[in-house]
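As a plain string of letters, each chain reads:
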Amino acid sequence: MPITRRHLLTLAIAAPAVAAFAPSAMAATPDIYAEDGIAIDGTDAVAYFTEGAPIAGDEAITFDYMGATWRFASEENRDMFAADPAAYAPQYGGYCAFAVSKGATAPTAPDAWTIVDDKLYLNFSTSVRERWRQDIPGNIAAADANWPGVLA
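No experiment lies behind these values; they were computed from the predicted model shown. (Residues numbered from 1 in each chain as written. Predicted model: local features only at pLDDT ≥ 70, side-chain atom pairs only at ≥ 80, totals over all residues. Heavy atoms only, no water.)

1. Some words on the packing of aromatic side chains
Counted according to the given criterion, the structure contains 12 aromatic pairs. Measuring from centroid to centroid gives 6.0 Å for Phe63 and Phe81, while their planes differ by 70°, and the two rings are edge-to-face. Here the residue Phe63 occupies a position in strand S3 (residues 58-65), and Phe81 occupies one in helix H3 (residues 75-83), the gap between them amounting to 18 residues. Take Phe63: its relative accessible area is 25%, and that puts it in the partly exposed class. (Phe/Tyr/Trp six-rings, centres within 6.5 Å; stacked < 30°, edge-to-face > 60°. Helix = DSSP H or I, 4+ residues; strand = E, 2+ residues; numbered from the N terminus. Buried < 20%, exposed > 50% of the residue type's maximum accessible area, 1.4 Å probe, protein only.)

Right under this line is the structure:
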C-alpha cells in the first residue's frame, strides 16, 4: 500500500499524542525490588544483621518505605528499621547486586545474601552470590557506578 498524504497527515497528528503517553507506557523499574508490593520477598531486613540469617517477616508487623511494604519478625526489628531504614535496607533497592554490577536488575532470593562493611547485599541465587563474591570490591564499585541508572 503506497503512503499517501492522508497517511502522513494522520501520522503527524498522532505523533504528539503517542509521545505524550510514551513515558507512562514505558514505566521505569521500581526503586525497590518488591513482589506484589512486598519488599525483599517479605524477609525481615533487620534480621540479617541481628540474627545473621534471613528470617521471614510477619505480615502483621510492617513498615512502608520507598513505596513498598517491608515485613519484620518482631516489632523491635520494625522499630529499628523505621528509625534508620538506610542502615538496614539492602543495597540497590534489594535487586541482585551482581546484576546491578553488570548494568541490569534481577530479583533476589532471601538466602543469597552477604553483609559487607555493614551493608546488606542480595543476589539472585546462591550460585550467583558465589560469582559475585569472587570480586566483591570490584562488583560493588561497578554496581555503585551503575545505580540508579539501571532503573531507567
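Now that the structure has been shown, the text picks up again.
2. Comments concerning the nonpolar core
Counting residues in hydrophobic clusters, the biggest one holds 18 residues, and the most contacted among them are Tyr92, Cys96, Val100, Val116, Tyr121, Trp132 and Ile140. Counting residues per element, the ones that place at least two in this core are helix H5 (97-101), helix H6 (126-133) and helix H7 (136-146). A total of 4 residues in this core trace back to one element, the largest contributor, which is H5. Residues within four places of Tyr92 in sequence aside, it is in contact with Ala97, Val100, Tyr121, Ile140, Ala143, Asp144 and Trp147. By size, the runner-up hydrophobic cluster in this structure holds 16 residues, among which are Ala39, Ala45, Val46 and Trp113. (Core = buried A, V, L, I, M, F, W, Y, C linked by side-chain atoms within 4.5 Å. Contact = heavy atoms within 4.5 Å.)

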